[in-house]
Amino acid sequence: MKNTALTKTHEALGAKMVPFAGFNMPVQYEGINIEHETVRNAVGVFDVSHMGEFLIDGENALELIQKVSSNDASKLTIGKAQYSCLPNDDGGIVDDLIIYKLKEDQYLLVVNASNIEKDWNWIVSKNNVGANMRDLSDDYSLLAIQGPKAIEGMQSLTSHDLSAIKFYNFVVGDFAGIEHVIISATGYTGSGGFEIYCKNNEVKQVWEKVLEAGSNFGIKPVGLAARDTLRLEMGYCLYGNDIDDTTSPIEAGLGWITKFTKEFTNSEALKAEKERGPERKLIAFELNERGIPRQGYDIVDGNGNKIGVVTSGTMSPSLGIGIGLGYVPTIFSEVGSKINVQIRKNAIPATVVKLPFYKN
């Protein structure tokens, strides 16, 4: 089990620690609902240093990235980030990721913790163009400072105007007394804020100064459990639940990051799938009666026939109702369609809705 540079800090704060993607991670501190509401209404800080970081540079860096990723990375300019995925050869997804353009011919790829080795080997296997690759995952830490008060709460820590950093843009500069930190207006919560990349030996200072600066703004440390309920309220896909090696970006609703203006891994097959329409789609649904949909529960039609499966589900802390994602045949995917979720012996009625669940 790997530890982040802040493991002892979390333990001292009384965090409940659990194994996650091979790391010892804080799942909650005070409680999921309190931490969830903190991010929705004020500001919270997450340690997500388990995420992986790859540096790809050299004159053929873009060529390699274009080949392995579904989005069009040629549209990136220095200081911009892009959500993308790595398609496999069989119609599925190796991983989803964020691509940062640091300099001309230099990119940072941020990948899911559970897929670091898999993604690295996959990109290496496609690198016949001589791009330079470095795995920085063990050297860097990542903090997510999320919530509507993130800008106001963190402005004292940097000389950069945080309000000027647009969504999916970033700067490299000073933060919390450390130079050359990536301050990125990205996140996985839907409540705004920043993600801060720094070296492992710098992150304790950053963490402490973030909590200090945010103390007048209601900041709390937040665990992975609330991170999951926050992302689900936005309908953001979680790798391993809603997307994996068997789900295509088209059926997962990720057509918007799948650009056929270029060739990439399996692009012809994915283009054909988009043109004919997928046989199944990832839907969002709300329960019409009390109940909590969980990953793995069956989705059934009015006659009790299984038509799909819940990939992510929870009781929404913000809405107070059961919400979830799942795959169903396309005929059941229209907004307003009626389905049922099998919770133990009961088929609980649900309605297909438009994302996001939570609208701030």
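Structural notes, computed from the coordinates. Keep in mind the model is a prediction, meaning the values are calculated, not measured.

All right, on to the sheet that holds strand S17 (residues 306-315) then. Hydrogen bonds between backbone groups are what pair the strands of a sheet, and the pairing can be parallel or antiparallel. In space, the six strands of this closed barrel follow the order S15-S18-S17-S16-S19-S20, with antiparallel pairing throughout. In this sheet, adjacent strand axes meet at a mean angle of 45° when their direction is disregarded. As paired strands, strand S16 (residues 298-300) and S17 are joined by three bridges and run antiparallel to one another. When the bridges of S17 are listed, Val-300 appears paired with Lys-306. Its contacts with the sheet put helix H7 (residues 224-234) on S17 and strand S18 (322-329), and the angle it makes with S17 is roughly 125°.

This brings us to the pairing of strand S19 (residues 338-343). As paired strands, S16 and S19 are joined by two bridges and run antiparallel to one another. Across the sheet, the residue bridging to Ile-299 is Val-341, located in S19. The sheet contact formed by S19 and strand S20 (residues 346-353) spans six bridges and is antiparallel. Note that in S20 the partner of Gln-342 across the bridge is Ala-347. Counting the residues that bridge the hairpin from S19 to S20 gives two residues, and of these Arg-344 lies at a positive phi of roughly 55°.

A few words now on the layout of surface pockets. For the second largest pocket, the calculated volume is near 390 Å³. Lining of the second largest pocket is provided by 16 residues; of these, Leu-102, Tyr-140, Val-172, His-180 and Ile-182 occupy positions nearest its centre. Secondary-structure elements contributing two or more residues to the lining of the second largest pocket are strand S5 (52-57), strand S7 (93-103), strand S8 (106-111), strand S12 (178-184) and strand S13 (193-199). Residues of the lining of the second largest pocket, tallied by class, amount to nine nonpolar, two polar and five charged.

Analysis parameters
Residues numbered from 1 in each chain as written. Predicted model: local features only at pLDDT ≥ 70, side-chain atom pairs only at ≥ 80, totals over all residues. Heavy atoms only, no water. Pairing = 2+ DSSP bridges. Helix = DSSP H or I, 4+ residues; strand = E, 2+ residues; numbered from the N terminus. Axes fitted to C-alpha atoms, helices over the stretch in contact; angles between N-to-C directions. Contact = heavy atoms within 4.5 Å. 1 Å grid on protein atoms, 1.4 Å probe; cavity = no way out; pocket = protein on both sides within 12 Å on 5 of 7 lines; lining within 4 Å. Points joined across faces, edges and corners; volume = space filled by probe spheres on them. Nonpolar A, V, L, I, M, F, W, Y, C, P; charged D, E, K, R; others polar.

Taken by themselves, the reported measurements are silent on function.
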